[in-house]
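Coordinate analysis (summary)
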Amino acid sequence: MNKIDDFLSTKPYSKNTIDRYSRILRDFINVPDLEHLTARNLLNYVEIEKWGNNQRCLALTTCKQYLKFVYGESHPALTARIKHRRSKPQRTLTPKQTINLLSYFQPTVKGKRDLAIAALAIDTGLRLNELCSLRLADYHPDTLSLAVIIKGGEWAEGLFCEQTAFFIDTWLNVRPTGSNTLFCNTRSGKSLTREGLQTIVKKWGKDLGMKLSPHDFRRTFATLATRFGGPGRVVQLGGRWSSQDMLSLYTRALDQEAIRPYLPIMNLLKG
């Protein structure tokens, strides 16, 4: 494990990335004779049946970086390559599903917290880690903005609407004291953990008859903001994506119906 820790400490990885890489490498270091592993053998290793193409590509990249770190740039397995196939669109809430979700929460302390979480996640596209670590001090209702440390360790801004601020302020009126984060456990006041928030969101989906995870809200933000007419560059900045290509991955749930409000004849006749 020491070599894995040494390898991971050389990169500015987020905690989530470190966890993912560690899970891959904990199994990989048990492969016999890693020093002389061939490219073909490495490909055989990552072609695990339960892994999809994205996970195989991630595993291959992780293992190659580790081999390069431990054995140098001449390691024979570093020539291994996998064709990256585009995955199918992942879960994204439709406008109707989003309204159903926002209408689901009850006016209890927990319900007020959960409504605030859902609204902020959909309005800003914050990631799971960002929602859990967002501090009270970095929530600015006067400017309808927040500051959060994003993937890569940089500070970035998120913007939200007045209605979302109302939901959050309603939660803050009943929020227990304890932690310095915006969202916390309604009983203990302790900050929400990744696992805790994942479980909470999963239950929302189960009650509504669908699968649901916190990252679905990031895709929903990108898709709905685009559907409602947000220019690509503006949506990219709003969701703190590094490129338009990354935004494209998150808006793959858009379909042909999204063009209907922009059809030329209808808009010409309106004018």
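Scroll up to find the structure this text is about.
Residues numbered from 1 in each chain as written. Predicted model: local features only at pLDDT ≥ 70, side-chain atom pairs only at ≥ 80, totals over all residues. Heavy atoms only, no water.

**With respect to the sheet that holds strand β1 (residues 139–140)**
Read from one edge of the open sheet, three strands run β1-β2-β3, paired in antiparallel fashion. Single-partner strands in this sheet number two, and they are β1 and β3 (155–159). Pairing of β1 with strand β2 (residues 145–149), which is carried by two bridges, proceeds in the antiparallel orientation. Counted as the bridge partner of H140 is S145 from β2. (Pairing = 2+ DSSP bridges. Helix = DSSP H or I, 4+ residues; strand = E, 2+ residues; numbered from the N terminus.)

**Regarding the nonpolar core**
Grouped together as the largest cluster of nonpolar side chains are 36 residues, with contacts concentrated most on L101, L120, F183, L197, W204 and F217. At the level of elements, α6 (109–124), α7 (128–133), β2, α8 (162–172) and α9 (194–208) are the ones that each hand at least two residues to this core. With eight residues, the top contributor of residues to this core is α6. With residues near it in sequence (within four places) discarded, F217 still touches L93, L101, A121, I122, V201, W204 and L212. Counting 25 residues, the second-largest nonpolar core is a separate cluster that includes L8, L42, Y66 and A80. (Core = buried A, V, L, I, M, F, W, Y, C linked by side-chain atoms within 4.5 Å. Buried < 20%, exposed > 50% of the residue type's maximum accessible area, 1.4 Å probe, protein only. Contact = heavy atoms within 4.5 Å.)

**Digging into a positive patch on the surface**
A grouping of R20, R23, R26 and K151 is seen on the molecular surface, where their side chains present a positively charged patch. Relative to the helices and strands, R23 resides in helix α2 (residues 15–28). Judged by its relative accessible area of 48%, R23 is partly exposed. (Patch = residues over 30% accessible without salt bridge, like charges linked within 9 Å, V, L, I, M, F, W, Y side chains within 5 Å. Areas by Shrake-Rupley, 256 points an atom, 1.4 Å probe, with all protein chains shown as cover. Salt bridge = Lys/Arg side-chain N within 4 Å of Asp/Glu carboxyl O. Lys, Arg positive; Asp, Glu negative; His and termini not counted. Charge placed at Lys NZ, Arg CZ, Asp CG, Glu CD.)

**Brief notes about the side chain of T181**
Examined against the element boundaries, T181 turns out to sit in the loop between α8 and α9. The class for T181 is buried, based on a relative accessible area of 5%. In terms of polar contacts, T181 uses its side chain to reach the side chain of S191, at 2.8 Å. Those residues in contact with T181 that sit more than four places away from it in its chain are C132, S133, L134, R135, L136, R175 and S191. (Polar contact = N/O pair within 3.5 Å; in protein donor to acceptor, adjacent residues only side chain to side chain.)

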